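Listed below, chain by chain, are the residues.
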Amino acid sequence: MSDSPPLRAAWIAAALAALALFPLFGGKFGVDLVTKMMVFAILALSLELLVGHVGLVCFGQAAFFGIAAYAVVRLTPQSQPASIWWLAPAAIGLAGIYALFMGSLSIRTRGVYFIMVTLAFSQMAYYVAHDTPLGGGSDGIYLSLVPTFRLAGFELADLSKARPFYYFALFVLASVFAFLAVLLRSRFGRALAGIRVNERRMRAAGFSTYPYKLAAFVISGMVAGIAGVLFAVKDGFVNPELMSWNVSGTVLMMIILCGLWSLHGAVLGAFAFSLLQELFKSQAIFGDFAKHWHLGVGATIILAVALLPRGIAGFAFSSRVKALKHYPGAGERYE
Amino acid sequence: MDIATFLVQCFNALQFGLLLFLVAAGLTLIFGIMGVINLAHGSFYMIGAYMAYALAPAFAAHAGWGFFAALATGLVIAIALGYALEWAFFSFLYERDHLQQVLMTYGLILVFEELRSILVGDDVHGVTAPDWLSASVPLGDLMSYPVYRLFMSAVCLAIAVGMYLVLSRTRLGMMIRAGASNREMVQSLGIDVKLIYRAMFAAGVALAVLAGMIAAPVSSVYPGMGNQVLIICFVVVVIGGIGSVRGALAAALLVGIVDTFGKVLFPQAAGVLVYVLMALVLVWKPDGLFKAT
Amino acid sequence: MSEVVLRGRAITRRWGGVIAVDNVSMDLARGEVHAVIGTNGAGKSTLINVLSGEIPASSGTVELLGADVTRWTQPRRARAGLGRSYQRNTVFEPFSVRENCRLAAQARHQRPWRWWSDASRCERSVDAGLRAARRAGLEGVLDRAAGLLSHGEKRQLEIAMCLATDPQVLLLDEPLAGMGAEETERMLSLLDGLREGHAILLVEHDMDAVFRIADRITVLVDGAVIASGVPAAVRANRDVQTAYLGGPA
């Protein structure tokens with residue numbers, strides 16, 4: 001992918017068009033799969049903000065994803081469907097609150113501590129879901145009624161049907177992408193990039209870095225919450241595994257897979273990794289062994305990170321400036 | 001809570017804490033000295049437990065010393081495994097940044113879990129403690145405490161003391177601590193740092209495997225036990241301070257107390273209390289309670 | 001008599017049992033270059049870190065433009081007019097020189113809540129950044145990635161980023177580090193030009209440069225001040241000669 005804006009815009013437009021047209025020939029399984037990929041793409045975008053752009057390697061993204069999903073199920077009344085206009089913000093808000101809590105404590109830690117602390121706090125959420133009545137236990141809970149999406153009496157989309165939901169998810173993905181793109185080139189976004197590259201210099205210049213990082217953390221958590229809302233509505237079922245570190249690890253892998261360290265890299269990585277998972281799960285190829293698909297995924301992760309430290313794109317783009325440009329971890333070792 | 005129950009919980013807390021220390025010490029040393037964060041450390045604990053299960057029938061016939069033979073066998077396998085893993089995999093992680101280490105060891109967890117699933121299946125297993133350790137010590141009129149658990153605590157304590165002596169009193173310990181602060185310097189002194197690292201890593205693995213082996217009769221053997229232990233160990237390491245063995249001990253005991261008494265006093269909150277503890281410690285000391293060894 | 005813009009009073013900093021900075025007092029006036037010299041480990045870097053706010057003093061006070069800033073964090077002091085450059089480059093290597101300066105200048109007009117507005121169109125930070133870059137002599141390389149600059153250019157950029165926020169006080173930690181003769185000349189004339197309107201504290205090892213450019217010199221040994229005054233007086237000072245300059249001249 002070139003850096004020139006018109007070319008990139010063309011690529012993005014083409015991708016949008018392809019996604020928009022896909023349901024016409026995708027088939028039921030395809031539409032379902034791509035919808036899930038889009039939800040994960042949103043989750044990946046949330047992590048790209050935090051890891052790729054600010055340089056905070058968070059291993060707890062699943063918590064925000066899961067909390068929002070659980071909130072959707074828990075807040076939906078038994079008797080009548082909720083309107084997505086209030087249900088989504090409420091769920092996202094709850095995810096944001098947990099992000100505020102997690103972030104305020106973990107951002108004060110440095111380097112590896114941050115990874116461990118975010119992992120631990122997301123496990124805390126997992127245990128709440130798994131062990132307390134709030135969460136409903138390891139069996140999970142079902143969404144009683146799919147929320148409505150109406151405006152002035154008109155139903156904008158029937159979210160319980162596959163195709164309308166697909167387009168709804170596509171719309172949300174595009175909006176989140178656009179929002180983050182604008183955010184990253186704003187003053188706030190540039191300050192975050194500066195914090196990633198050299199926090200010391202930012203502080204010496206006069207930026208109080210803690211509030212910036214905390215704000216980024218909360219925004220990231222809320223975007224992850226958006227993905228969680230979509231997931232809950234689509235699947236109609238939530239269980240504590242949504243908050244497991246498997247999810248966190250998977251998303252982390254998605255953003256580094258393509259090695260582009262950009263928003264579109266995160267989306268591409270989400271799609272690519274999802275396809276990879278489907279590949280390993282496929283009984284057509286692996287027969288009975290397909291139930292051990294984690295082995296293939298694990299081995300792939302190891303090989304991908306070992307051989308391609310800058311992701312797949314590391315192959316194609318080897319100019320020194322590009323190398324300088326984005327890889328957040330390059331050469332930086334935490335104390 | 002009457003005195004007997006209180007004593008029982010104290011012993012439980014001690015036993016849990018000391019066991020955690022065994023696993024956490026390996027984790028914190030490997031990170032503190034070699035700079036590698038190893039998510040798969042919990043998998044070694046799981047491997048230990050499954051080894052106890054697998055080796056039990058082989059040594060069942062020999063009532064008395066069979067148990068120790070199984071332990072010794074397990075340790076030898078663990079050290080060999082540690083050596084091999086360090087050479088084949090972990091030595092490549094030293095120069096990598098933390099994100100890569102996290103991802104690669106995360107992939108390793110997946111591989112370990114699936115290998116276990118393929119080789120031994122997904123069932124939950126029990127392991128019986130050896131007969132001569134199966135008695136119970138009476139505590140007051142109504143309660144008694146299993147000897148085996150006291151045995152576990154004794155083993156962990158002995159190892160803790162041994163570690164302290166090695167690290168602070170021996171030349172090897174000095175080299176290890178020096179290697180932690182300045183790898184190049186130690187290397188230029190002619191000491192083979194690579195060998196030390198490999199040995200250290202193997203020792204860390206052995207500690208986790210041993211912990212799993214002796215814990216097996218108490219906690220039973222099930223998939224996911226490795227991951228559970230790992231997360232708690234992370235909490236221990238964060239509270240205690242990365243790289244500090246002393247901190248790991250203090251934190252492990254603290255976590256043992258909070259978790260054990262928490263489960264008894266607030267069963268609803270159960271597993272969450274340990275994280276609340278971590279949150280409180282972080283508010284007060286973001287770098288953990290102790291500095292590195 | 002020039003206005004004193006930065007004043008350190010009885011600053012002491014202890015690390016465990018070691019006293020890194022021992023009861024150091026110093027004044028920095030507008031329009032002067034005040035150099036701090038001393039052997040390695042004499043406490044110069046620690047002193048600068050305390051003055052800039054990166055580490056707290058164990059005791060003593062720091063005053064900036066009349067206000068007691070002893071308890072202020074570094075970013076707060078920076079916003080109040082204290083600029084700092086580092087011995088090891090802290091430039092943003094992946095960004096262009098232009099963006100480096102613009103981002104530093106942004107610290108003055110942050111306004112992070114305006115998430116929709118493109119930063120590169122923010123006139124104030126763009127202009128301030130350009131001014132600083134020009135002042136540091138970097139017009140020729142504005143669009144080059146900072147990581148691709150020569151060492152001397154990077155040191156210039158380090159100063160430029162310091163200037164981008166329009167500080168009144170400049171704390172410069174070994175700006176000449178690792179420079180060849182020609183680059184040193186350029187940097188010295190740059191510093192000379194900055195004298196007017198700024199108060200400059202300079203930590204340096206290059207003695208020739210120090211005696212050329214400094215209006216006043218303070219000598220630190222083992223964290224304590226052993227001499228302070230005009231260059232000629234310092235050079236003639238017996239204690240300084242034995243402790244630092246290596247015997248009577």
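Refer to the structure printed above.
Read on for an overview of the structure. (Residues numbered from 1 in each chain as written. Chains lettered and ligands numbered in written order. Predicted model: local features only at pLDDT ≥ 70, side-chain atom pairs only at ≥ 80, totals over all residues. Heavy atoms only, no water.)

### Considerations on the overall build of chain A
Helix and strand counts for chain A come out as 14 helices and 4 strands. Against the globule reference of 20 Å for 335 residues, chain A gives a C-alpha radius of gyration of 20 Å, in line with a compact fold. Looking at chain A as a whole, 57% of its 335 residues are labelled buried. For chain A, long-range pairs separated by at least 24 residues make up 74% of all intrachain contacts whose partners lie at least 6 apart in sequence. Accessible surface, chain A as shown: approximately 13,200 Å² in total, 67% of it carbon and sulfur. Between the mean site of the 25 positive side-chain charges and the mean site of the 14 negative ones, chain A shows a separation of 12 Å. (Helix = DSSP H or I, 4+ residues; strand = E, 2+ residues; numbered from the N terminus. Rg over C-alpha atoms; globule rule 2.2 N^0.38 Å. Buried < 20%, exposed > 50% of the residue type's maximum accessible area, 1.4 Å probe, protein only. Contact = heavy atoms within 4.5 Å. Areas by Shrake-Rupley, 256 points an atom, 1.4 Å probe, with all protein chains shown as cover. Lys, Arg positive; Asp, Glu negative; His and termini not counted. Charge placed at Lys NZ, Arg CZ, Asp CG, Glu CD.)

### Considering the arrangement of the chains
No other pair of the 2 pairs of chains in contact has as many contacts as chains A and B. One finds no contact linking chain B with chain C; the least C-alpha distance across the pair is 13 Å.

### Observations regarding the packing of aromatic side chains
Residues and elements named next belong to chain A. A full pass over the atoms with the stated rule returns 31 aromatic pairs over all chains. Ring geometry for Phe64 against Phe217: centres 5.9 Å apart, planes inclined by 85°, an arrangement best described as edge-to-face. Of this pair, Phe64 sits in helix H3 (residues 61–75) while Phe217 sits in helix H8 (residues 209–235); the two residues are 153 residues apart in sequence, bridging distant segments of the chain. For the pair shown, Phe64 and Phe217 are each scored as buried. (Phe/Tyr/Trp six-rings, centres within 6.5 Å; stacked < 30°, edge-to-face > 60°.)

### Regarding helix H3 (residues 66–88) of chain B
Residues and elements named next belong to chain B. Compared with the 33 Å implied by 1.5 Å per residue over 23 residues, the 32 Å span of H3 between its first and last C-alpha is a close match. Taken together, the buried positions of H3 are Gly66, Phe67, Ala69, Ala70, Leu71, Gly74, Ala78, Gly82, Leu85 and Glu86. Among the structural elements, helix H2 (41–59), helix H4 (98–120), helix H5 (147–169) and helix H8 (193–219) are those in contact with the buried residues of H3. (Expected span 1.5 Å × (residues − 1).)

### Details of the pattern of salt bridges
Counted under the stated rule, the structure contains 26 salt bridges over all chains. One salt bridge connects Arg190(A) with Glu99(C), and the closest N-O pair in it is separated by 3.1 Å. Residue Arg190(A) is located in helix H7 (residues 187–205), and its partner Glu99(C) is located in helix H3 (residues 97–106); the two belong to separate chains. Assessed through its relative accessible area of 13%, Glu99(C) is described here as buried. The closest approach of N and O atoms between Asp235(A) and Lys234(A), which form a salt bridge, is 3.4 Å. A residue is classified by how much of its surface remains accessible, and Asp235(A), at 39% relative accessible area, is partly exposed. On the basis of relative accessible area, Lys234(A) is assigned to the partly exposed category, the value being 21%. Where salt bridges share partners, they join Arg200(A), Glu54(C), Arg84(C) and Asp173(C) into one cluster. (Salt bridge = Lys/Arg side-chain N within 4 Å of Asp/Glu carboxyl O.)

### A short note on the sheet that holds strand S1 (residues 4–15) of chain C
All names here are of chain C. On the basis of which strands lie adjacent, the open sheet formed by 4 strands has the order S2-S1-S4-S5 and antiparallel pairing. Each of the sheet's edge strands pairs with one partner strand only, and the pair in question is strand S2 (18–29) and strand S5 (67–68). Pairing geometry for S1 and S2, over 8 bridges, is antiparallel. Within the sheet, the bridge partner assigned to Arg7 lies in S2 and is Asp27. (Pairing = 2+ DSSP bridges.)

### Some points on the interface of chain A and chain C
Each side of the interface is counted separately: chain A has 27 residues, and chain C has 39 residues. For the pairing of chain A and chain C, the buried interface totals around 3,000 Å² over both sides, and the portion due to carbon and sulfur atoms is 58%. At the junction of chain A and chain C, the tally comes to 4 salt bridges. Between Arg185(A) and Asp118(C) there is a salt bridge; the shortest N-O distance is 3.7 Å. In this assembly, chain A and chain C are joined by 13 residue pairs in polar contact (both at pLDDT 80 or more). Among the elements that make up the side of chain A that touches chain C, the one with the highest residue count is H7(A) (14 residues). Grouping the amino acids of the side of chain A that touches chain C by side-chain chemistry returns 14 nonpolar, 5 polar and 8 charged. (Buried area = accessible area lost by both parts, 1.4 Å probe. Polar contact = N/O pair within 3.5 Å; in protein donor to acceptor, adjacent residues only side chain to side chain. Nonpolar A, V, L, I, M, F, W, Y, C, P; charged D, E, K, R; others polar.)

### Topic: the pairing of strand S6 (residues 82–85) of chain C
Residues and elements named next belong to chain C. Of the two faces of S6, the one carrying Leu82 and Arg84 and the one carrying Gly83 and Ser85 are both buried. Where S6 meets strand S7 (residues 169–173), 4 bridges bridge the pair, whose relative direction is parallel. Looking at the pairing, Ser85 lines up with Leu172 of S7.

### As for the nonpolar core
Nonpolar side chains tend to gather and get buried jointly when the protein is soluble and globular. Counting residues in each nonpolar core, the largest one holds 277 residues, and the members touching the most others are Phe121(A), Leu252(A), Leu39(B) and Leu157(C). Each residue touching Phe121(A), except ones within four places of it in the same chain, is listed here: Tyr98(A), Phe101(A), Met102(A), Leu105(A), Tyr275(B), Met278(B), Ala279(B) and Leu282(B). Core analysis: the second largest hydrophobic core is formed by 24 residues, Leu28(C), Ile48(C), Val50(C) and Leu201(C) among them. (Core = buried A, V, L, I, M, F, W, Y, C linked by side-chain atoms within 4.5 Å.)

### A short note on the sheet that holds strand S10 (residues 224–229) of chain C
All names here are of chain C. On the basis of which strands lie adjacent, the open sheet formed by 6 strands has the order S6-S7-S8-S3-S9-S10 and mixed pairing. Strand pairing shows two members of the sheet lacking a second neighbour, S6 and S10, which therefore form its edges. The average undirected angle you get between the axes of adjacent strands in this sheet is 15°. Note: strand S9 (residues 216–221) against S10, 5 bridges, orientation antiparallel. Along S10, the bridge assignment pairs Thr218 with Ser228. Strands in contact with helix H1 (residues 44–52) are strand S3 (33–38), S6, S7, strand S8 (199–203) and S9; relative to S7, the strand with the most contacts, it is inclined by about 150°. (Axes fitted to C-alpha atoms, helices over the stretch in contact; angles between N-to-C directions.)

### Overview of the interface of chain B and chain A
It is common to give the size of an interface as the accessible area lost on bringing the parts into contact. Facing the 47 residues of chain B at the interface are 48 residues of chain A. The contact between chain B and chain A buries some 4,300 Å² in all, and 75% of this surface belongs to carbon and sulfur atoms. Looking only at chain B, the three residues that lose the most surface to chain A are Leu99(B), Leu103(B) and Tyr106(B), adding up to 15% of its buried area. The interface formed by chain B and chain A contains 9 residue pairs in polar contact (both at pLDDT 80 or more). Those elements that provide at least two residues to the side of chain B that touches chain A are helix H1 (3–34), H4, helix H9 (225–240) and helix H11 (273–284) of chain B. With 17 residues, H4(B) is the single largest residue contributor to the side of chain B that touches chain A. Partitioned by chemical class, the residues of the side of chain B that touches chain A number 32 nonpolar, 10 polar and 5 charged.

### Notes on the packing of helix H2 (residues 23–53) of chain A against helix H9 (residues 245–257) of chain A
Residue and element names in this part refer to chain A. Where H2 meets H9, the closest approach of the two axes is 9 Å, and the angle between their N-to-C directions is 75°. In terms of orientation, H2 and H9 fall into the roughly perpendicular class. Taken together, the residues of H9 that come into contact with H2 (itself represented by Phe40, Leu43, Ala44, Leu47, Glu48 and Val51) are Val247, Val251, Leu252, Met254 and Ile255. Here the contact of H2 with H9 is composed, by residue class, of 10 nonpolar, no polar and 1 charged. (Parallel < 35°, antiparallel > 145°, perpendicular 65-115°, else oblique.)

### Focus on helix H5 (residues 111–131) of chain A
Between its first and last C-alpha, H5(A) extends 31 Å over 21 residues, near the 30 Å set by a 1.5 Å rise per residue. The element H5(A) is largely enclosed, with a buried count of 18 among its 21 residues.

### Some words on the environment of Leu85(B)
All names here are of chain B. Topologically, Leu85 is positioned in helix H3. Sequence separation between Leu85 and Phe201 is 116 residues; the distance between their C-alpha atoms is 8.8 Å. Ignoring anything within four residues of it in the chain, the contact list for Leu85 reads Phe44, Phe90, Phe112 and Phe201.

Spatial relationships are all this shows, so hold off on functional conclusions.
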